[in-house]
Amino acid sequence: MDRFVDVGHVAETLPDLSEALDDPRLRQFGLVGGVVLVALGALLSLAPASEQWLFWSYAVAATLVFIGVPMLCLGLAAPDPEPGSLLHLGIELTPTQRRAVALGSLCITVTPIVIAVGTPLGLPTLVLAIAAVTAILGSVLILTGFVAWTSAAIAEPSRH
């Protein structure tokens, strides 16, 4: 039991973020999972609901989209598979750009959690402000990663 409480031992056993972001399986997981969650969220928001279930229908739909979009972004940022693969898109981000997209995805994923935990505490204005700042920061980080890749691809098309 002592090894599980030892911070040094636990830190040594955690996977490296760079290795996790360089895993090509992340492309399949992110693209398929992200598209499925966004599609489910969109369909749930379009489905007719009775007055008593309307709020929960929209809340679940929004949460699915808030989790699906960052997952889709992580899938797009993952290493590109071989050119013959179905998921080959030609997007190849650097490790720094992948980290920016991953951090932005984490910020966006935390946003509905902040709202769900903070709203019952009675601070709706503060909670909404924190959630909005977190979502905007996450969006900026994701866009920074992809805009940096796009500008590099435009500047040196022979490398991409």
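Above this text you will find the structure in question.
As the structure is a computational prediction, the values presented were derived from the model and not from experiment.

Draft legend 1. Representation of the packing of helix 5 (residues 54-77) against helix 6 (residues 95-118) in the model. Relative to each other, helix 5 and helix 6 sit at 175 degrees, their axes nearing to 9 Å. Classified by the angle their axes make, helix 5 and helix 6 are roughly antiparallel. Side by side, helix 5 and helix 6 meet where Thr63, Phe66, Ile67, Pro70, Cys73, Leu74 and Ala77 of the first sit next to Arg98, Val101, Ala102, Ser105, Ile108, Thr109, Thr111 and Pro112 of the second. When the residues that make up the contact of helix 5 with helix 6 are grouped by side-chain class, the tally is ten nonpolar, four polar and one charged.

Draft legend 2. Seen up close, the side chain of serine 57. Checked against the element boundaries, serine 57 lands in helix 5. Apart from residues lying up to four places away in sequence, serine 57 is in contact with Leu44 and Ala49.

Draft legend 3. Spotlight on the packing of aromatic side chains. What the rule picks out here adds up to one aromatic pair. For the ring pair phenylalanine 55 and tryptophan 56, a centre distance of 5.0 Å and an interplane angle of 75 degrees mean the geometry is edge-to-face. For phenylalanine 55, a relative accessible area of 56% puts it in the exposed group.

Draft legend 4. Main features of the pattern of salt bridges. This model, assessed by the stated rule, comprises four salt bridges. Salt-bridge contacts for arginine 25 lead to aspartate 23; the nearest nitrogen and oxygen are separated by 2.8 Å. Exposure remark for aspartate 23: the relative accessible area of 22% places this residue in the partly exposed category. The partner of arginine 98 in a salt bridge is glutamate 92, and the shortest N-O contact between them spans 2.7 Å. Note on arginine 98: relative accessible area 5%, which makes it buried.

Cut-offs applied
Residues numbered from 1 in each chain as written. Predicted model: local features only at pLDDT ≥ 70, side-chain atom pairs only at ≥ 80, totals over all residues. Heavy atoms only, no water. Axes fitted to C-alpha atoms, helices over the stretch in contact; angles between N-to-C directions. Helix = DSSP H or I, 4+ residues; strand = E, 2+ residues; numbered from the N terminus. Parallel < 35°, antiparallel > 145°, perpendicular 65-115°, else oblique. Contact = heavy atoms within 4.5 Å. Nonpolar A, V, L, I, M, F, W, Y, C, P; charged D, E, K, R; others polar. Phe/Tyr/Trp six-rings, centres within 6.5 Å; stacked < 30°, edge-to-face > 60°. Buried < 20%, exposed > 50% of the residue type's maximum accessible area, 1.4 Å probe, protein only. Salt bridge = Lys/Arg side-chain N within 4 Å of Asp/Glu carboxyl O.

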